[in-house]
Amino acid sequence: DASGYAWVQLPEYFGAINKDFRYQLTVVDGSDDFVMAKVAQEIANSQFQIRTSKPNVKVCWEVKGTRDDLYMRSYGAPVEVDKPESERGKYQHPELYGVATGGRAG
């Protein structure tokens, strides 16, 4: 806004299924000025606030968090799951790649 503040609204469920948030802000500005951006208020009630050193500046943002829903708390999540031997080297959804069912990858 004209004061350099902006609220970012996240989906209502975001805070309920994530924790340990990490923010990335990128200023998009064609002026000769060096514009700074920071998180002015961290996530609360599914929103956070950005502040810039110059008003009316475009800021691209990304928020990441560690998944923390009930399923994850109960069962955890494997980082990588090996395919059964019979499926190795094959597409899981060959039709998406224009390959006949059971087609080989690569």
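Right above here is the structure, for reference.
Here is a short report on the structure shown in this document. (Residues numbered from 1 in each chain as written. Predicted model: local features only at pLDDT ≥ 70, side-chain atom pairs only at ≥ 80, totals over all residues. Heavy atoms only, no water.)

### Remarks on the overall build of the chain
In step 1: For the chain, the count of helices and strands is two helices and five strands.
In step 2: Along its sequence from the N terminus, the chain presents helices and strands in the succession β-α-β-β-β-β-α.
In step 3: Scaling as 2.2 N^0.38, a compact globule of 106 residues should have a C-alpha radius of gyration of about 13 Å, whereas the chain reaches 21 Å, well beyond that.
In step 4: In terms of principal-axis extent, the alpha carbons of the chain reach across some 60 × 40 × 20 Å.
In step 5: Summarising the internal contacts of the chain: among those between residues at least 6 apart in sequence, 56% fall at separations of at least 24.
In step 6: Working note: accessible area of the chain is about 8200 Å², and carbon and sulfur atoms make up 50% of it.
In step 7: Charged side chains of the chain number 13 positive and 15 negative; the gap between the two group centres comes to 3 Å. (Helix = DSSP H or I, 4+ residues; strand = E, 2+ residues; numbered from the N terminus. Rg over C-alpha atoms; globule rule 2.2 N^0.38 Å. Contact = heavy atoms within 4.5 Å. Areas by Shrake-Rupley, 256 points an atom, 1.4 Å probe, with all protein chains shown as cover. Lys, Arg positive; Asp, Glu negative; His and termini not counted. Charge placed at Lys NZ, Arg CZ, Asp CG, Glu CD.)

### Description of the side chain of Gln49
In step 1: Tracing the sequence through the fold places Gln49 in strand β4 (residues 47–52).
In step 2: The exposure class assigned to Gln49 is buried, which follows from its relative accessible area of 9%.
In step 3: Every residue in contact with Gln49, bar those within four places of it in the chain, is listed here: Tyr5, Ala6, Trp7, Lys38, Val39, Ala40 and Gln41. (Buried < 20%, exposed > 50% of the residue type's maximum accessible area, 1.4 Å probe, protein only.)

### Brief notes about unusual backbone geometry
In step 1: One non-glycine residue with positive phi stands out, namely Ser46, at about 60°.
In step 2: Along the chain, the position of Ser46 falls in the loop between β3 (37–44) and β4.
In step 3: You will see that Asn56, though not glycine, has its phi angle at about 55°, which is positive.
In step 4: Among the secondary structure elements, Asn56 is positioned in the loop between β4 and β5 (58–67).

### What to know about the environment of Thr52
In step 1: Assignment of secondary structure puts Thr52 in strand β4.
In step 2: Counting along the chain gives 13 residues from Thr52 to Gly65, while the straight-line C-alpha distance between them is 23 Å.
In step 3: The contacts of Thr52, once residues within four sequence positions are left out, are Gly4, Val35, Met36, Ala37, Val57 and Val59.
In step 4: A distance of 2.6 Å separates a polar side-chain atom of Thr52 from the backbone oxygen of Lys54. (Polar contact = N/O pair within 3.5 Å; in protein donor to acceptor, adjacent residues only side chain to side chain.)

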